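Examination of the molecular architecture
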Amino acid sequence: MRRREWREEREAFGGFGGPPFGHGGRGFPGHGRRGGRARRGDVRASLLALLTERPMHGYEMITELGERTGGAWRPSPGSVYPTLQLLEEEGLIKGQEASGKRLFELTEAGRAEAAGGSASPWEETAGRGGPGWESIQEVGQALGAVDQAIRQVMTTGTEEQRAKGLAVLNDARKKLYLILAESD
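Residues numbered from 1 in each chain as written. Predicted model: local features only at pLDDT ≥ 70, side-chain atom pairs only at ≥ 80, totals over all residues. Heavy atoms only, no water.

1. Topic: the overall build of the protein chain
Looking only at helices and strands, the protein chain features 8 helices and 3 strands. Starting at the N terminus, the α and β elements of the protein chain follow one another as α-α-β-α-α-β-β-α-α-α-α. Taking all 184 residues of the protein chain together, 29% fall into the buried category. Of the contacts made within the protein chain by residues no fewer than 6 positions apart, 56% connect residues no fewer than 24 positions apart. Summing over all exposed atoms, the protein chain offers an accessible surface of approximately 11900 Å²; the carbon and sulfur share of this is 52%. (Helix = DSSP H or I, 4+ residues; strand = E, 2+ residues; numbered from the N terminus. Buried < 20%, exposed > 50% of the residue type's maximum accessible area, 1.4 Å probe, protein only. Contact = heavy atoms within 4.5 Å. Areas by Shrake-Rupley, 256 points an atom, 1.4 Å probe, with all protein chains shown as cover.)

2. Remarks on the nonpolar core
With 20 residues, the main nonpolar core has Leu47, Leu48, Leu51, Met61, Leu84 and Ile93 as its most contacted residues. Elements represented by at least two residues in this core include exactly helix H2 (40-51), helix H3 (58-68), helix H4 (77-89) and strand E3 (101-106). A per-element tally of this core places H2 first, with 6 residues. With near-sequence residues (within four places) excluded, Ile93 lies in contact with Leu48, Leu51, Leu84, Leu87, Glu88, Phe104, Glu105, Leu106 and Thr107. (Core = buried A, V, L, I, M, F, W, Y, C linked by side-chain atoms within 4.5 Å.)

3. Some thoughts on the environment of Ala72
Within the element layout of this structure, Ala72 appears in the loop between H3 and H4. Measuring from C-alpha to C-alpha, the distance between Ala72 and Gln137 comes to 8.6 Å, with 65 residues separating the pair along the chain.

4. Structural notes on the pairing of E3
Of the strand pairs in this sheet, strand E1 (residues 56-57) and E3 are connected by 2 bridges, and their pairing is antiparallel. Its bridge partner being in E3, His57 is matched across the sheet by Leu103. The turn joining strand E2 (residues 93-98) and E3, which pair antiparallel and follow one another in sequence, is formed by 2 residues; a positive phi near 55° is taken by Ser99. (Pairing = 2+ DSSP bridges.)

5. What about the environment of Arg68?
By secondary structure assignment, the location of Arg68 is in helix H3. Linking Arg68 and Ser120, residues 52 residues apart in sequence, is a C-alpha distance of 9.3 Å. Within polar-contact distance, the side chain of Arg68 engages the side chain of Glu64 at 2.8 Å. (Polar contact = N/O pair within 3.5 Å; in protein donor to acceptor, adjacent residues only side chain to side chain.)

6. Points about the confidence of the model for the protein chain
Interpretation of the predicted coordinates at a detailed level should be avoided for regions scoring low in pLDDT. Here the protein chain averages 78 in pLDDT, and 71% of its residues register 70 or above. Throughout residues 12-36 the model reports pLDDT below 50, and contacts reaching past four residues in sequence, or to other chains, amount to 41 contacts. (pLDDT = per-residue confidence, 0-100.)

7. Digging into the pattern of salt bridges
Using the criterion set out here, one finds 12 salt bridges in the structure. Taking the shortest distance from any N to any O, the salt bridge between Arg111 and Glu108 comes out at 3.5 Å. Of this pair, Arg111 and Glu108 are both found in helix H5 (residues 108-115), 3 residues apart, which corresponds to roughly one turn of the helix. Its relative accessible area of 61% is what places Glu108 among the exposed residues. When the shortest N-O distance is used, the salt bridge between Asp171 and Lys175 registers 3.4 Å. (Salt bridge = Lys/Arg side-chain N within 4 Å of Asp/Glu carboxyl O.)

8. Concerning H4
Count 3.6 residues to each turn of an α-helix, and residues three or four apart come out pointing the same way. If you check H4, its first and last C-alpha atoms are 18 Å apart, about what 13 residues at 1.5 Å a residue would give, namely 18 Å. Turning to H4, its buried residues are Val80, Thr83, Leu84 and Leu87. The buried residues of H4 occupy an angular sector of 105° when the element is viewed end-on, so they sit on one face. Exposed residues pointing more than 90 degrees away from the buried face of H4 are listed as Gly78 and Glu89. In the stretch just after H4, Gly91 is the one whose phi turns positive, near 80°. (Expected span 1.5 Å × (residues − 1). Arc of directions from axis to C-beta.)

Right, dumping it as structure tokens:
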């Protein structure tokens, strides 16, 4: 089936590809871009707290924050590297080249600044432990799995399989709304 025909058929069935099944599921927590967005001060506090443990390079800090938040928050290089530069200009950290990478460590002023803050500010930044956090993560994972399955059915399935796939999606949507309509 050609792309245009497939698009027309998709639209005839009510379409899919927009949130929550397509890219950029904006409006649904835990779906779309991976992780949350942090305020600039949170990035700063998190970097200082990490450096209290040992010297690290920028990418290592990004990875470490992603791991410590279970993937809920992985700051972008566009927020980490300018913050590291600012911390260095303020005299709170110093960087040195080691094995082709810039390794950062706290200065005495940086240790004092870090001591005045939270030991693990990334937990507040990522929203971990908040109400419903685990269920939001589970729903995001389930939506991702459904997204992959429907894309595979739509791109490799026969006409009949694609029709059945769309029927399953429409049925699921109706059943979800029926859950809300049920009275206790």
